[in-house]
Amino acid sequence: MMAAVLEISGLTMDFGGLRALESLDFTVHSREIVALIGPNGAGKTTFFNCITGIYAPTGGDIHLVSPQRGRERINGLKPNRITEKGMARTFQNIRLFSNMTVLENVMIGRHCRSRVGILGAVFRNSATRAEEQEVVDSSFAILEKMGLAHFANDYARNLPYGAQRLLEIGRALATDPFLLLLDEPAAGMNPQETRELDERIVRIRDEEGVAILLIEHDMRLVMSLAERIVVMDSGRKLADGVPVEIRNNPEVIRAYLGDMDA
Amino acid sequence: MAGSGSGKSHGEILRHSLSIALWFVFLTFPILVIRINPVEQIIVWRWHNMAMVGLGSFFLALAGGIYLKKRGAAPPSLVPGRFAVFRKRFYEEPLLHGPVLALCALFVFVFPHIFSSYQTNIMTTALIYVVLGLGLNIVVGLAGLLDLGYVAFYAVGAYSYALLNHHFGLGFWTVLPVGAGLAAVFGILLGFPVLRLRGDYLAIVTLGFGEIIRLILENWNDFSFGPSGIANIPRPGLFGVEMSLEASTNYLYYLMIGLVLGTIFVVNRLQNSRIGRAWIALREDEIACQAMGIDKTATKLAAFALGAFWAGMVGVIFAAKTTFINPASFTFLESAIILSIVVLGGMGSIVGVVIAAMVLILLPEYLRAFAEFRMLLFGAVLVVMMVFRPQGLIRSTKRRYRLPVKTAHGHRG
């Protein structure tokens with residue numbers, strides 16, 4: 001068993017009287033591809049928003065285990081601090097910076113790994129220029145990896161839909177994460193694009209050595225991609241296991257298809 | 001009116017223009033047609049004015065309608081206009097840059113010597129607004145934070161010179177950085193409470209902030225001398241050289257030219273840097289921006305502080321130029337004008353802001369010939385502008401980066 005990179009215990013999230021997440025426990029291990037599935041409204045995106053700091057969870061513990069800095073509790077930290085610590089994400093409804101170029105979008109991801117301040121920007125000394133070129137080069141390398149290099153100078157809003165999804169992944173990768181969260185990366189893609197995405201995600205894991213946690217509704221993609229599947233329903237964890245187990249789990253089938261006896 | 005012109009027949013355009021003309025006649029009837037003569041106690045009906053307004057607006061609307069129809073019908077960009085050709089050539093021909101810039105520089109340099117000191121004064125004012133526009137452009141154009149109280153920072157700069165000079169006898173050159181720094185501090189002070197606000201809410205709070213500053217200056221007599229203001233503020237010195245009024249007008253003009261160049265330089269560098277990108281990302285999508293590791297708080301505060309910095313600096317210059325300030329110079333109307341400069345120029349475009357400041361400040365001056373219709377014409381110019389170029393005079397350009405050589409062929413227009 002590989003070491004854990006994300007440990008969650010008893011995670012609870014209330015919105016007023018509504019309990020969106022109830023005492024969730026689970027772990028993502030280093031270099032693992034885990035799929036988070038569940039019917040609509042199960043709390044998957046809420047879960048993502050909680051662990052990335054967009055919402056402050058009501059209860060429970062979230063620990064990130066960084067290869068460099070070790071185990072840290074990240075409850076209630078700001079999203080940018082969590083990204084700095086090495087967990088990056090994409091969004092279900094694409095949130096690119098649409099009036100920036102494709103390259104600039106990725107360069108924003110490098111922001112937290114670069115240091116130039118106001119004075120450096122104004123005087124543009126050699127250190128600034130070197131860092132700027134490093135940002136451009138590494139961002140461009142990511143675009144090449146994502147197969148988006150030929151779009152580098154286009155506005156993000158002009159990209160085809162599938163390419164926009166890839167750009168979001170590239171932008172997240174630019175922050176040098178060790179854990180990558182993908183919120184429905186295949187939404188709106190055609191079967192061909194989905195197959196390519198499947199290969200690309202595996203390649204990202206292999207080449208970058210990141211662990212990947214993804215929310216996905218396309219079951220074919222989930223079954224072929226995920227090494228482990230976590231099923232959620234009504235804010236609770238229903239099942240956790242390898243794809244074969246999940247496929248034959250009666251509770252999971254009931255959650256998806258409804259109670260046959262009722 | 002803008003979008004509707006393209007798909008219409010001539011008859012429709014005619015009808016549309018007619019209704020516009022009638023509407024204008026109706027609107028201007030009370031001010032342009034009726035005149036009450038209180039001496040003889042009669043009402044004078046100036047029907048000829050009505051005819052002029054009617055015919056004028058009818059033909060203008062007609063011309064506008066036909067123009068829009070033509071533009072809509074012609075296939076775009078197949079035959080670029082003469083101006084577009086020139087602009088493209090100008091961008092692509094570095095050899096042209098030198099002479100054009102040299103001509104501009106020469107004109108700027110000799111301006112005070114060929115025009116009267118009145119003209120120089122107006123130009124200095126316009127340059128002050130260029131800097132104000134560039135400063136607000138950081139906050140509104142780049143970071144996307146709608147600030148309606150920007151003039152408050154201008155007031156902070158002006159009053160810091162006036163008061164520091166009055167009480168401690170500090171000179172212009174000492175206060176210039178102090179005023180700018182104080183304004184930046186006020187920018188951060190305003191920034192903290194509004195960190196969570198966006199859009200309309202932010203606009204309202206900043207509007208309130210601007211008014212608070214003005215009201216404090218107006219009512220705290222012991223501190224700011226109230227509505228009567230502060231007089232006898234010294235003009236900027238030059239190593240103790242005695243200057244005539246005209247010489248010091250010219251001196252201020254050159255000072256402003258220098259400051260404008262400095263501002264353009266700094267703002268341009270900021271815009272094309274790591275922090276400039278962060279501002280634009282913040283404008284585009286706040287949540288994604290944070291999720292990509294950008295510290296929202298620091299980025300917003302930097303925008304407020306750096307925007308306010310320039311306002312404070314030209315505030316000091318304003319106080320030195322007019323030698324008298326009172327709170328009436330820092331009303332909401334000023335904020336609105338500066339904001340119009342940014343919007344008219346094109347959000348985030350430096351050249352656009354410079355041109356817009358010139359147009360918006362110089363136009364009312366030269367429209368003085370039209371006396372009472374000055375503001376009316378000013379409004380009309382703004383409306384026409386927004387109809388024909390809603391994105392502003394100059395669109396901010398897409399920045400291209402030097403990519404690794406092996407894939408230099410790889411971009412698509």
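Please read these numbers as outputs of a predicted model, since none were measured by experiment.

Is there a simple way to think about the overall build of chain A in this case?
Helices and strands together make up the secondary structure of chain A, namely 10 helices and 10 strands. Taken over the C-alpha trace, chain A has a radius of gyration of 19 Å; the compact-globule value for 262 residues is 18 Å, and the two agree within 12%. Along the three orthogonal principal directions, the C-alpha set of chain A runs to about 70 × 40 × 40 Å. Counting across all 262 residues of chain A, residues that qualify as buried make up 47%. A separation of at least 24 residues holds for 68% of the contacts in chain A among residues at least 6 apart in sequence.

Would you mind going over the overall build of chain B with me for this structure?
If you tally the helices and strands in chain B, you get 16 helices and two strands. Across chain B, every contact between residues at least 6 apart in sequence was considered, and the portion connecting residues at least 24 apart equals 77%.

Which parts of the structure should I look at to understand the environment of A:Glu104?
Relative to the elements of secondary structure, A:Glu104 occurs in helix H3 (residues 102-109). Looking at A:Glu104, the number of C-beta atoms within 10 Å reads 23, which means it is buried.

For this particular structure, what's the right way to read the interface of chain A and chain B?
You'll often see interface size given as the accessible area lost when the parts meet. Chain A puts 39 residues into the contact, and the matching count from chain B is 32 residues. Of all elements in the fold, only helix H2 (79-85), H3, helix H4 (118-123) and helix H5 (126-145) of chain A reach the threshold of two or more residues within the side of chain A that touches chain B. Here the side of chain A that touches chain B takes five residues from H3(A), the largest share from any one element.

Honestly, the pairing of strand S10 (residues 236-241) of chain A in this entry has me stumped. Any pointers?
Residue and element names in this part refer to chain A. In terms of strand pairing, strand S9 (residues 228-233) meets S10 through five bridges, oriented antiparallel. Bridge pairing links Val231 to Ala239 in S10. The antiparallel hairpin formed by S9 and S10 contains two residues in its connecting segment, where Ser234 sits at a positive phi of about 45°.

Could you clarify how one ought to interpret the sheet that holds strand S4 (residues 59-66) of chain A in this entry?
The pairing of strands in a sheet comes from backbone hydrogen bonds and takes either a parallel or an antiparallel form. Residue and element names in this part refer to chain A. With antiparallel pairing, four strands are arranged side by side in an open sheet as S2-S1-S4-S5. Every other strand in the sheet has two partners, leaving strand S2 (18-29) and strand S5 (70-73) as the edge strands with one partner each. Put simply, the sheet's adjacent strands are angled 20° from each other on average, direction ignored. Pairing of S4 with S5 involves four bridges; the strand directions are antiparallel. Looking across to S5, one finds that Val65 is bridged to Arg71. Seen against the sheet, helix H1 (residues 44-51) touches strand S1 (4-15), S2 and S4 and runs at an angle of roughly 70° to S2.

It is not clear to me how the packing of H3(A) against H5(A) should be interpreted in this structure. Could you clarify?
Geometry of a packed helix pair, given as the angle between the helix axes and the separation of the axes. Residue and element names in this part refer to chain A. In contact at an axis separation of 9 Å, H3 and H5 are set at 110° when each is read in the N-to-C sense. The orientation of H3 with respect to H5, classified from their angle, is roughly perpendicular. In the packing of H3 onto H5, the handedness of the crossing is right-handed. Between H3, through Val102, Leu103, Val106 and Met107, and H5, the contact on the second element is made entirely by Val135, Val136, Ser139, Phe140, Ile142 and Leu143. In the contact of H3 with H5, the residues fall into nine nonpolar, one polar and no charged.

It is not clear to me how the sheet that holds S10(A) should be interpreted in this structure. Could you clarify?
Residues and elements named next belong to chain A. With respect to topology, six strands assemble into an open sheet ordered S6-S7-S8-S3-S9-S10, the strand pairing being mixed. Looking along the sheet, the strands with just one partner apiece sit at the ends: strand S6 (87-89) and S10. Ignoring strand direction, the axes of neighbouring strands in this sheet form an average angle of 20°. Pairing of S6 with strand S7 (residues 179-183) involves three bridges; the strand directions are parallel. Looking at S7, one finds that Ala88 is bridged to Leu180.

How should the confidence of the model for chain B be read in this particular structure?
If pLDDT is low for a region, its predicted coordinates should not be looked at in detail. Residues and elements named next belong to chain B. Mean pLDDT over chain B stands at 85; residues scoring 70 or higher make up 90%. In the model, residues 1-6 has pLDDT below 50 throughout and makes nine contacts with residues more than four positions away in sequence or in other chains. Scored below 50 in pLDDT, residues 407-413 shows 11 contacts in the model against residues more than four places distant or in partner chains. Overall fold confidence for the complex sits at a pTM of 0.85, while the interface term, ipTM, reaches 0.93.

Would you mind going over the packing of helix H14 (residues 332-345) of chain B against helix H15 (residues 350-366) of chain B with me for this structure?
Residues and elements named next belong to chain B. At a minimum axis separation of 8 Å, H14 and H15 run at an interaxial angle of 130°. Between H14 and H15, the angle falls in the class oblique. In terms of crossing hand, the pair formed by H14 and H15 is right-handed. Within the contact between the two elements, H14 uses Ile337, Ser340, Ile341, Val342, Leu344 and Gly345 and H15 uses Gly352, Val353, Ile355, Ala356, Ala357 and Leu360. Of the residues belonging to the contact of H14 with H15, the class tally is nine nonpolar, three polar and no charged.

Where do I start with the pairing of S7(A) in this structure?
In the case of a regular strand, side chains alternate between the two sheet surfaces. Residue and element names in this part refer to chain A. Extensive coverage of S7 is indicated by the burial of five of its five residues. Across five bridges, the pairing between S7 and strand S8 (residues 211-215) is parallel. The partner of Leu179 across the bridge, within S8, is Ala211. One crossover worth recording links S7 to the parallel S8 by way of helix H7 (residues 191-208), and it is right-handed.

Looking at this model, I keep getting lost on unusual backbone geometry. Mind explaining?
Trans is the common state for peptide bonds, and a negative phi is the common state for residues other than glycine. Residues and elements named next belong to chain A. Phi is positive for Ser23, close to 45°, though the residue is something other than glycine. A residue is classified by how many C-beta atoms lie within 10 Å of it, and Ser23, with 14 of them, is partly exposed. Here the phi dihedral of Arg31 falls at roughly 60°; this positive angle occurs in a residue that is not glycine. With respect to the helices, strands and loops of the structure, Arg31 is situated in the loop between S2 and strand S3 (33-37).

Explain H1(A) here, please?
Note that an α-helix has 3.6 residues per turn; residues three or four places apart therefore point the same way. All names here are of chain A. Along H1, six of the eight residues are buried, which leaves the element largely enclosed by surrounding structure. Looking at H1, one finds that the buried residues are Lys44, Phe47, Phe48, Asn49, Cys50 and Ile51. Phi for Gly53, located one or two positions after H1, is positive at around 90°.

How should the environment of A:Val5 be read in this particular structure?
Tracing the backbone shows A:Val5 in strand S1. Those residues in contact with A:Val5, other than ones at most four positions away along the chain, are A:Val28, A:His29, A:Ser30, A:Leu64, A:Val65, A:Phe178, A:Leu179 and A:Ala211.

Analysis parameters
Residues numbered from 1 in each chain as written. Chains lettered and ligands numbered in written order. Predicted model: local features only at pLDDT ≥ 70, side-chain atom pairs only at ≥ 80, totals over all residues. Helix = DSSP H or I, 4+ residues; strand = E, 2+ residues; numbered from the N terminus. Rg over C-alpha atoms; globule rule 2.2 N^0.38 Å. Buried ≥ 20, exposed ≤ 12 C-beta atoms within 10 Å, placed from the backbone. Contact = placed C-beta atoms within 7 Å. Pairing = 2+ DSSP bridges. Axes fitted to C-alpha atoms, helices over the stretch in contact; angles between N-to-C directions. Parallel < 35°, antiparallel > 145°, perpendicular 65-115°, else oblique. Left-handed = near helix turned anticlockwise from the far one by under 90°. Nonpolar A, V, L, I, M, F, W, Y, C, P; charged D, E, K, R; others polar. pLDDT = per-residue confidence, 0-100. Right-handed = clockwise from strand over helix to strand, strands pointing away.

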